[in-house]
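A closer look at the structure
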Amino acid sequence: MSYTGSLFNFINNSTSSFHTVLNAQSYLIKNGFEEVNFSEDWQLKADKKYFTKIYDSTLIAFIPHQNLREGMKIAVSHTDFPCLKVKPSADIMQNDYGKLNVEVYGGMILNTWFDRPLSIAGKVVLKGQDCYQPDVKFVDFKRALMIIPNLAIHMDRSINSGKSISKQKEMLPLAFMQTENNSEDELANDNSKLIKLLAEELSCAQEDILSYDLTVYQVETPYYLGFVGELVTAPRLDNITSVKACIEGIIADKRKVGLDIAVLFDNEEVGSRTKQGGASNVLSNVIERIYMAFGYTRQAFLADLAKSFMLSIDVAHAMHPNYVEKNDLTNKPILNKGLAIKMAASQSYAGDAEAIAIVRALCEKYKINYE
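Presented here is an overview of the structure given in this document. Bear in mind the structure is a predicted one, so any value in this text is a computation, not a measurement.

One way to put it is that helix 2 (residues 17–30) packs onto helix 5 (residues 237–251) with a least axis distance of 10 Å and a crossing angle of 20 degrees. By the angle class used here, helix 2 and helix 5 are roughly parallel. Judged by the sense of rotation from one axis to the other, the crossing of helix 2 with helix 5 is right-handed. Together, Thr-20, Ala-24, Tyr-27 and Leu-28 of helix 2 and Ile-240, Val-243, Lys-244, Ile-247, Ile-250 and Ile-251 of helix 5 make up the contact between the two elements. A breakdown of the residues in the contact of helix 2 with helix 5 according to their chemical character gives 8 nonpolar, 1 polar and 1 charged.

At their nearest, the axes of helix 6 (residues 282–293) and helix 7 (residues 298–305) sit 9 Å apart, and the two run at 125 degrees to each other. By the angle class used here, helix 6 and helix 7 are oblique. Between helix 6 and helix 7 lies a crossing whose hand is right-handed. Packed against helix 6, whose contacting residues are Ser-284, Ile-287, Glu-288 and Tyr-291, the element helix 7 presents Arg-298, Ala-300, Phe-301 and Asp-304 at the interface. Classifying every residue of the contact of helix 6 with helix 7 by side-chain character gives 4 nonpolar, 1 polar and 3 charged.

Taken as a whole and judged by the stated rule, the model has 15 salt bridges. A salt bridge links Lys-48 to Glu-34; the nearest nitrogen and oxygen atoms lie 2.8 Å apart. Of this pair, Lys-48 sits in the loop between strand 1 (34–35) and strand 2 (50–54) while Glu-34 sits in strand 1, and the two are 14 residues apart along the sequence. The exposure class assigned to Glu-34 is partly exposed, which follows from its relative accessible area of 35%. Across the pair Glu-288 and Arg-298 runs a salt bridge, and its minimum N-O distance is 2.7 Å. Of this pair, Glu-288 sits in helix 6 while Arg-298 sits in helix 7, placing them 10 residues apart in sequence. Since its relative accessible area comes to 45%, Arg-298 is described here as partly exposed. Three or more residues joined by partner-sharing salt bridges are found here, namely Arg-69, Asp-304 and Lys-307.

With that settled, consider helix 7. Within helix 7, the full set of buried residues consists of Ala-300, Phe-301 and Asp-304. Angularly, the buried residues of helix 7 cover 100 degrees about the axis, an arc narrow enough to put them on a single face. Those residues of helix 7 that are buried are in contact with strand 4 (72–78) and helix 6.

Here the focus is the side chain of Asn-239. Inspection of the secondary structure assignment puts Asn-239 in helix 5. Contact partners of Asn-239, with chain neighbours within four places excluded, come to Ser-77, His-78, Asp-80, Ile-313, Asp-314 and Val-315.

Attention now moves to the pairing of strand 3 (residues 58–64). Counted residue by residue, strand 3 has 7 buried out of 7 residues, so it is predominantly covered. Residues Thr-58, Ile-60, Phe-62 and Pro-64 line one face of strand 3 and the alternating positions Leu-59, Ala-61 and Ile-63 line the opposite face, and both faces are buried. Sheet analysis places strand 3 next to strand 13 (residues 259–265), joined by 6 bridges and oriented antiparallel. Residue pairing across strands places Ile-63 opposite Asp-260, the latter belonging to strand 13.

Parameters and conventions
Residues numbered from 1 in each chain as written. Predicted model: local features only at pLDDT ≥ 70, side-chain atom pairs only at ≥ 80, totals over all residues. Heavy atoms only, no water. Axes fitted to C-alpha atoms, helices over the stretch in contact; angles between N-to-C directions. Helix = DSSP H or I, 4+ residues; strand = E, 2+ residues; numbered from the N terminus. Parallel < 35°, antiparallel > 145°, perpendicular 65-115°, else oblique. Left-handed = near helix turned anticlockwise from the far one by under 90°. Contact = heavy atoms within 4.5 Å. Nonpolar A, V, L, I, M, F, W, Y, C, P; charged D, E, K, R; others polar. Salt bridge = Lys/Arg side-chain N within 4 Å of Asp/Glu carboxyl O. Buried < 20%, exposed > 50% of the residue type's maximum accessible area, 1.4 Å probe, protein only. Arc of directions from axis to C-beta. Pairing = 2+ DSSP bridges.

Structure follows, in structure tokens:
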């Protein structure tokens, strides 16, 4: 229960990919890690603990031990999760109702977002002294601001028979009502209610807000379930659970040789093909810079990659109690039975027989259940 409670706290504070990184950063600093700036030269020392942030939503923590060339051990997870993203010029005023213009990010189950309290978190970028160096702020309202209301069953008798959902129409959250102080004419003149809300929260002028990257998230907090509390329910389990595992893993690092790395990538939910995603050159860049800081050549870096080991850590689909037929005939991950080791003939998972053997051997050595 104590570990799960710590996970609950981590989830509550990881309300956007940016806040996931800020959350992880806080844990790392409390445990002796020092930040190095991704855009500056690095002066590193053996056995010191470091982390660097990439574009605010990706983080790489690392410990370069003595005898650096004894191999790398890398664990990777992702900071993002399926959600709604706020579009530019987001206010929509229709028939006295103020809605927020949003788009779907990642693989959401749309109907689970109806009739739930929603809030907003993310990055807001303000004017700076230099056009090339704007002022970056982070915001999390931490309270219910909006809701996506279902249509009453009296107006849609087929609602329980299954229906398609329009992302552009039915997924728009109700955010405010027209009052004497916010007319449709005012909104047409760019007096955005969202910008006003952000400015008030950040104590800045509305005209100083140049852009934003905002996530709409579900406000619900995690809970224990089950007759004896053996289950949990929480938003953002994919993949905040793995983020916390990676951070705790490198904090608990006990190796004396080699290079240990924990990576929190962004944008996995949309294919990882961004400047800070898993398909970028960010991780390779960081590792090579570590090697260069200790005077090693690129050839040494490339050679050591070949004797290293990386785990991509994410959630897996457990067998659903009401849809048993959706699982493989002989491979049926069950909740609370341990780790799930993923593999696929399509190579959508990058492991091979040797990698699977290594993971199983580690689980057996440390008495960790797995399936």
